[in-house]
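Listed below are the residues making up each chain.
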Amino acid sequence: MRNTIHVYVSASVSFSVSFSFLRKTVSGGMEDGNYASGLWRTKSEQLESVAEDLNSTPGSSESIRVADGGSGSLTRKSRRASPGGRNTHIRKARSVQTSLKVELDEVNSGAALSRASSLGLSFSFTGFSVPLDEISSSKPFSDDEDIPEDIEAGIHKPKFQTEPTLPIYLKFTDVTYKVVLKGMTKSVDKDILKGITGCVNPGEVLALMGPSGSGKTSLLNLIGARSHQPTIGGSITYNDQPYSKFLKSRIGFVTQDDVLFPHLTVKETLTYAARLRLPKTLTREQKEKRALDVIYELGLERCQDTMIGGSFVRGVSGGERKRVCIGNEIIINPSLLFLDEPTSGLDSTTALRIVQMLHDIAEAGKTIVTTIHQPSSRLFHKFDKLILLGKGNLLFFGKASEAMDYFQFIGCSPLITMNPAEFLLDLANGNMSDISVPSELEDKVHIENAEAETSNGKPSAAVVQEYLVEAYETKVAETEKKKILVPIPLDEEMKSKVYSRDRQWGASWLEQYSILFSRGFKERRHDYFSWLRITQVLSTAVILGLLWWQSDASNPKGLQDQAGLLFFIAVFWGFFPVFTAIFTFPQERAMLNKERATDMYRLSAYFLARTTSDLPLDLVLPVLFLLVVYFMAGLRLSAGPFFLSILTVFLCIVAAQGLGLAIGATLMDLKRATTLASVTVMTFMLAGGFFVKNVPIFISWIRYLSFNYHTYKLLLKVQYEHITPSINGIRIDSGMNEVIALIAMVFGYRLLAYFSLRWMKTQP
């Protein structure tokens, strides 16, 4: 039996006009009757086709009310499920089908032809309401419903689900920060922050907003415990307790620059982070599952096997890269999450999705602070609290929804419809265009114009800044400070947890080493085995082989020629690794600071893994090089000398690499490090015993520091110990002293590099 169907038809003005026009046209008769009947047949066929589709859907029946003559408000559709029926909401996509079925029923029951004829214009205007007994439990449509969808992948995602964590109430009062600018003759103190006060509670998102140079990032670094300088003043507390090392594992910090390894995939990046940062109590499988959960929660499953990419490596998009950075931090379920301009460089839709995701994270009781440069109006209304900065001064702190009311209260209101964020940024810059000028400022403008004999009707930026700072201090500041001084509603046990001095490592030292070794090997294998590098080594080997083609060491001239080849091999495999290793720590400094600031691993585990993960890679190219040169040049054809030559070259590479690591870690500046390395390598080469035979006594000690000298002597011993006791004035002995010297360089240079990193001013 056909369901009795009642429909609420709601129409906009344009719909009403088109509806009445069609009804008059069809019911009043058109001059061309065939046209009207053809239109009716077309609509009838469409209605019957859709009706068949709807009737073929099993287990569902539509229960829809109708009221003629109304243009009521659009309300949410409802769909009543089959017997027993749970009420579920129908998506907007089904409204067209439902509308067609309603119109078909009306036509079959003798409804007016005009209603069916106007059907094509009613799809986007007709809405349906839930039954009266369900109106109270329904929610109107809003933009929020579409936010959890993956904008780039086009896949609907559930809202972000996170487990509860230790609640942390962040407070900061009268925070000041100065930097010392050193000039040619004197140093000048510059105030970056001038007494900033605010607070944020679990479940809230605090936005730090202001123009460029207003101090947003500086304030974020201070309250996020990423900067400790003697020029910092004020009080910053976490649950009314000062900062402690325990908080490192409770704080997530997303920097403005995406600090990621370019050759790792999204899945590898988050998996390594999970294995290093999640507690020891979890197994490896549980940690990897957590990484996969984060990938799906952030909508990254489509690109999980894609490289991150960088300047010279193609990878994921900007929005996906930013979500990977956020995933790196939320994977540990932090109590505090700080983000430095997470929406920079993203389109408005992707930016809105990221901000909505932050709201979903905050709902689990997390405290979130983010800087924002110039948000859209939709983004602005997503923030719970707002701090507006202008040249280091606090212009507003409070609920974001009350910001416009506050500035209207002090006489500053927009004269045209404006994005609230644009309005606030104009005020922070001192720009009063399209903004009403308070009476106090008008008086100052008249006085200034009279003195300057000008007729400019707007106050200067400095005057506006002074007025806004004074207005906040006199009208709001004291009240907000009193609120912040109210004790936090937490017991002493909860407060004491924050001040624990114990560090929490996510893995043992051995696990950290193995994980970092694997990560380093995967990251750098692309550089080591690039076609450019392989071509460089093999082309050099072929040229050497052709120049020394089947040289004969049985005569003095051939012996001298082969000695020159051996010296070049010692120099080449001393020069090449030094300038490769120099870039290691300066390039990874940002990553090292970021990961060490969160106690991701011990420095010793990182250093040992970083220096040993290169060893298997360092052995491949020298072997290829010697396979070409050794046999083309006709060196000593025997298994023992060949493998001893490889071992000697390998010792030289590791020693030279240690020197490069030490120079890079000590200077941490590529230009200075390259200059020092070039001078050092050139000195070692000249003192290597080939160019100068009689070195003056006061400078002869340099040769004993040269890995080129010791490598050259070992290669001479391997090739000619059976022929002559000395070559070019270099005595061939047992070679034990040279081996010991090279091993000492291998460990000595690396110890120097390690202590240089230890002394480097990393973040606390």
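About the cut-offs
- Residues numbered from 1 in each chain as written.
- Predicted model: local features only at pLDDT ≥ 70, side-chain atom pairs only at ≥ 80, totals over all residues.
- Heavy atoms only, no water.
- UniProt positions renumbered as here; feature names shortened; annotations may be inferred.
- Helix = DSSP H or I, 4+ residues; strand = E, 2+ residues; numbered from the N terminus.
- Buried < 20%, exposed > 50% of the residue type's maximum accessible area, 1.4 Å probe, protein only.
- Contact = heavy atoms within 4.5 Å.
- Areas by Shrake-Rupley, 256 points an atom, 1.4 Å probe, with all protein chains shown as cover.
- Phe/Tyr/Trp six-rings, centres within 6.5 Å; stacked < 30°, edge-to-face > 60°.
- Core = buried A, V, L, I, M, F, W, Y, C linked by side-chain atoms within 4.5 Å.
- Expected span 1.5 Å × (residues − 1).
- Patch = residues over 30% accessible without salt bridge, like charges linked within 9 Å, V, L, I, M, F, W, Y side chains within 5 Å.
- Salt bridge = Lys/Arg side-chain N within 4 Å of Asp/Glu carboxyl O.
- Lys, Arg positive; Asp, Glu negative; His and termini not counted.
- Charge placed at Lys NZ, Arg CZ, Asp CG, Glu CD.

Under an unreviewed UniProt entry, the protein chain has the name ABC transporter G member 22 and belongs to Pisum sativum. In its Subcellular location (unreviewed entry) section, UniProt records this for the protein chain: "Membrane". Regarding the protein chain, the relevant UniProt record gives this comment under Sequence similarities (unreviewed entry): "Belongs to the ABC transporter superfamily. ABCG family. Eye pigment precursor importer (TC 3.A.1.204) subfamily."

Novice: What exactly am I supposed to notice about the overall build of the protein chain here?
Specialist: The secondary structure content of the protein chain amounts to 25 helices and 16 strands. Looking at the 764 residues of the protein chain, the share that counts as buried comes to 50%. A separation threshold of at least 6 residues defines the contact pool for the protein chain, and within that pool the share at least 24 residues apart is 75%. Total accessible area on the protein chain is roughly 36900 Å²; 57% of this is exposed by carbon and sulfur atoms.

Novice: Looking at this model, I keep getting lost on the packing of aromatic side chains. Mind explaining?
Specialist: Two numbers describe a pair of aromatic rings. These are the distance of the centres and the angle of the planes. In this structure the tally under the stated criterion is 33 aromatic pairs. Here the aromatic rings of Phe 396 and Tyr 406 are separated by 5.4 Å at their centres, their planes lie at 35 degrees, and the arrangement is tilted. In this pair, Phe 396 sits in strand E14 (residues 393-399) while Tyr 406 sits in helix H11 (residues 403-409), placing the two residues 10 residues apart along the sequence. Just as Phe 396 is buried, Tyr 406 falls in that class too. With centroids separated by 6.1 Å and ring planes inclined at 20 degrees, the aromatic side chains of Phe 568 and Phe 572 adopt a geometry described as stacked. Residue Phe 568 and its partner Phe 572 are both found in helix H18 (residues 556-581); the two are separated by four residues, about one turn of the helix. A relative accessible area of 12% means that Phe 572 is categorised as buried. Put simply, the rings of Phe 585, Tyr 601, Tyr 606, Phe 607, Tyr 754, Phe 755 and Trp 759 pair up and form one aromatic cluster.

Novice: Is there a simple way to explain the nonpolar core in this structure?
Specialist: General note: in soluble globular proteins, nonpolar side chains tend to be found buried as a group. By size, the foremost hydrophobic cluster in this structure holds 101 residues, and its most contacted members are Phe 407 and Cys 412. Among the elements that take part in this core, helix H14 (residues 461-484) stands out by supplying 10 residues, more than any other. Not counting residues up to four positions away in its chain, the partners in contact with Cys 412 are Phe 407, Phe 423, Leu 427, Met 432, Ile 435, Ser 436, Pro 438, Tyr 467 and Leu 468. Listed in part, the 34 residues of the second largest apolar core include Phe 642, Ile 646, Leu 715 and Ile 730.

Novice: Sorry, what's going on with helix H25 (residues 736-759) here?
Specialist: Residues spaced three or four apart along an α-helix point in a common direction, a consequence of the helix completing one turn every 3.6 residues. Between its first and last C-alpha, H25 extends 35 Å over 24 residues, near the 34 Å set by a 1.5 Å rise per residue. Taken as a whole, H25 has its buried residues at Glu 738, Ala 741, Leu 742, Met 745, Val 746, Tyr 749, Arg 750, Ala 753, Tyr 754, Ser 756 and Leu 757.

Novice: So what exactly am I meant to see when it comes to the UniProt feature "transmembrane region" (unreviewed entry) in the protein chain here?
Specialist: Per the UniProt entry, the sites bearing "transmembrane region" (unreviewed entry) are residues 528-551, 563-585, 643-667, 679-702 and 739-757 in this numbering. What you have in residues 563-585 is 91% helix and 0% strand, and the ends, taken at the C-alpha atoms, are 36 Å apart. Segment residues 643-667 splits into 100% helix and 0% strand. End C-alpha atoms: 36 Å apart.

Novice: Would you mind going over a negative patch on the surface with me for this structure?
Specialist: Among the surface-exposed residues, Glu 440, Glu 442, Asp 443, Glu 466, Glu 470 and Glu 473 lie close enough to one another that they form a single negatively charged patch. Going through the elements one at a time, helix H13 (439-452) and H14 are the ones with two or more residues in the negative patch. Looking at the secondary structure, you find Glu 470 in helix H14.

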